[in-house]
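Coordinate analysis (summary)
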Amino acid sequence: MSILEYNGAAMIAMAGKDCVGIAADRRLGIQAQTVSTDFTKVFKMNDNIHVGLGGLATDVQTLHNVLKFRMGLYELREEREMTPQVFSHLLSTLLYEKRFGPYFVEPIVAGLDDKNKPFLSSMDLIGAPVQTKDFVVSGTCTGNLYGMCETLYKPDLEADALFETLAQALLASVDRDALSGWGGVVHIITKDGVTTRELKGRQD
Amino acid sequence: FSSSLTMARRYDSSTTTFSPEGRLHQVEYAIEAINNAGTCVGILGNDGIVMASERRITSGLLAPAKTSEKTYKLCPHAACNVAGLTADANILIDQARLRAGRYHYQYQEPIPVEQLVEHVCNYKQSYTQYGGLRPFGVAFLFAGYDENHGFQLYQSDPSGNYSGWKATVIGANNQAGKSLLKSEYGSSSSSEMTDEEETSPDVAGALRLAVKVLNKTMDGTAAAAEKMELFTMKLDESGDVVHHILTQKEAQAVIDEVEAETASAGDS
């Protein structure tokens, strides 16, 4: 049993035309037993940054609080909001600081940079970052997620089409994974705001 | 060896020594340093707090790096005004920001305002008792809101002492400012009650009173919007704290109102 598979998660973030979307499942389990069906794994850090934290649930919540603390300090000192690139780098250094006793979380970052262009990144539990133009995935069924994204993804999708693509990719992927699923949530971020929708999926 | 004429001098070079009269001279000298700094007024209103400060523009060539050199946000629900050595203040402000952030991280709740003030003050106090380092030459006005005690205004000085106020002044000519507040705080112009949520006459009244105080403490120099910085802290409709530094236009409007008030008062 891998500690990263203890609670279960499935997350995707995708880039569209001047928008990004980030989606995650809702399950919190303790190995085989499902404990919660409304567990939040995607967090809004500011109007331009959403972060998906998948992995050990306690570290998901702790890391979220640590990130809120660090972002708060940044905004107080710099008197401006953090951009997704800076946030991604902060997250990467935070994780590497715990190189020999890591947070068991593999995050994905989705946002719009200061020119309102999509930004996507993901990293492993010790902070090795990867930036992509199309999509990033994380969780206990990354094989499924990669397959679905490669198949369904098209560049420059508008917000509504991006939502559909994200939703279908996520729902199909989690159905073949015992540890993720039990509903889903999708956030579509544009320069005008964030639209959040809950997904109805198989409750098993 | 000891000379009774210069008794003070023997006891004032070390912060960690009391004088025979039971005083800490270094601390008192630090307090003196602040009495030469730009004035700050703080006024507690019914629905918010006003902090007004004198902006000392030392050179026209200065490039403004931050929004303010007097008002600093410490956390979403607290801010402070500085009088004294800005370099010293920066250290303390960072301390306060870290403390507020850590408290929130630990308890997932905003830090009570007094606890934040006490933390900064305890830090200041330690420089009056050990280490052999000089005290911080800074006095603060802290404005904050918490659920249990509502809006609060605190003043602190280099000794690490603090107290809560309804209205107070620090910096140059603070005695003149305080005497004006004593007579005018709580009089009709600053405590009108209305049912409106949007504009709050009490903060507005407090703003006018603050400008009046600054006019008095800055006497000799004409009251102008670019010489003052006006800050308000209020709650918005969703109950979140809003920090606002008035724009030049908004500040000028308040200054004009005060001018009109004093002019009409002079007529009667």
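Model, not experiment: these values are computed from the prediction.

A pair of packed helices is captured by two measures, namely the crossing angle of their axes and the spacing between those axes. Residue and element names in this part refer to chain B. At a closest axis distance of 10 Å, the pairing of helix α3 (residues 86-107) and helix α4 (residues 113-129) adopts a crossing angle of 135 degrees. Between α3 and α4, the interaxial angle falls into the category oblique. Once α3 is placed against α4, the crossing between them reads as right-handed. Packed against α3, whose contacting residues are Ile91, Leu92, Gln95, Ala96, Arg99, Ala100 and Tyr103, the element α4 presents Gln115, Leu116, His119, Val120, Tyr123 and Lys124 at the interface. Its residues assigned to classes, the contact of α3 with α4 comprises eight nonpolar, three polar and two charged.

Taken as a whole and assessed by the stated rule, the structure comprises 17 salt bridges over all chains. In this structure, the salt-bridge partner of Asp47 of chain A is Lys44 of chain A, at a minimum N-O distance of 3.2 Å. Take Lys44 of chain A: its relative accessible area is 47%, and that puts it in the partly exposed class. For Glu261 of chain B, the salt bridge goes to Arg208 of chain B, with nearest N and O atoms at 3.2 Å. A residue pair is termed long-range when its members are at least 10 positions apart, and Glu261 of chain B in helix α7 (residues 248-267) and Arg208 of chain B in helix α6 (residues 201-217) qualify at 53 residues. Accessibility expressed as a relative area gives 13% for Arg208 of chain B, which makes it buried. Within this structure, Glu184, Arg208, Lys212, Glu257 and Glu261 of chain B form a network of salt bridges that share partners.

Residues and elements named next belong to chain B. The five strands are arranged β3-β4-β5-β6-β7 in an open sheet whose pairing can be described as antiparallel. If you trace the sheet from one side to the other, it starts and ends with β3 (71-75) and β7 (162-164), each paired once. Direction aside, the axes of adjacent strands within the sheet are offset by 25 degrees on average. As defined by bridge partners, strand β5 (residues 138-146) adjoins strand β6 (residues 150-156) across seven bridges and the pair is classed as antiparallel. By the bridge assignment, Ala143 is partnered in β6 with Leu153. Contacting β3, β4 (78-84) and β5, α3 crosses the sheet at an angle of about 20 degrees to β3. In this fold α4 packs onto β3, β4, β5, β6 and β7, with an angle of close to 160 degrees to the strand it touches most, β5.

Turning our attention to the interface of chain B and chain A. Counting from both sides, the interface comprises twelve residues of chain B and, opposite them, nine residues of chain A. A combined buried area of about 980 Å² lies between chain B and chain A, and 56% of that area is made up of carbon and sulfur atoms. Among the residues of chain B in contact with chain A, Arg97, Tyr105 and Gln108 of chain B are the three that bury the most area, contributing 48% of the side total. At the boundary of chain B with chain A, the tally comes to one salt bridge. Linking Asp94 of chain B and Arg77 of chain A is a salt bridge whose minimum nitrogen-to-oxygen distance equals 2.8 Å. The interface formed by chain B and chain A includes three residue pairs in polar contact (both at pLDDT 80 or more).

The next point concerns the confidence of the model for chain B. Residues and elements named next belong to chain B. The predicted model of chain B averages 87 in pLDDT, with 88% of residues at 70 or higher. In the model of chain B, helix α1 (residues 7-11) stands out as the element of lowest mean pLDDT, 63, in contrast to β7, which has the highest, 97. When the criterion is pLDDT under 50, residues 1-5 qualifies, and its contacts beyond four places in sequence or with other chains add up to one contact. Note that pLDDT drops below 50 for residues 188-201; the model gives that stretch 17 contacts with residues more than four away or on any other chain. Reported for the predicted complex are a pTM of 0.89 and an ipTM of 0.89.

About the cut-offs
Residues numbered from 1 in each chain as written. Chains lettered and ligands numbered in written order. Predicted model: local features only at pLDDT ≥ 70, side-chain atom pairs only at ≥ 80, totals over all residues. Heavy atoms only, no water. Axes fitted to C-alpha atoms, helices over the stretch in contact; angles between N-to-C directions. Helix = DSSP H or I, 4+ residues; strand = E, 2+ residues; numbered from the N terminus. Parallel < 35°, antiparallel > 145°, perpendicular 65-115°, else oblique. Left-handed = near helix turned anticlockwise from the far one by under 90°. Contact = heavy atoms within 4.5 Å. Nonpolar A, V, L, I, M, F, W, Y, C, P; charged D, E, K, R; others polar. Salt bridge = Lys/Arg side-chain N within 4 Å of Asp/Glu carboxyl O. Buried < 20%, exposed > 50% of the residue type's maximum accessible area, 1.4 Å probe, protein only. Pairing = 2+ DSSP bridges. Buried area = accessible area lost by both parts, 1.4 Å probe. Polar contact = N/O pair within 3.5 Å; in protein donor to acceptor, adjacent residues only side chain to side chain. pLDDT = per-residue confidence, 0-100.

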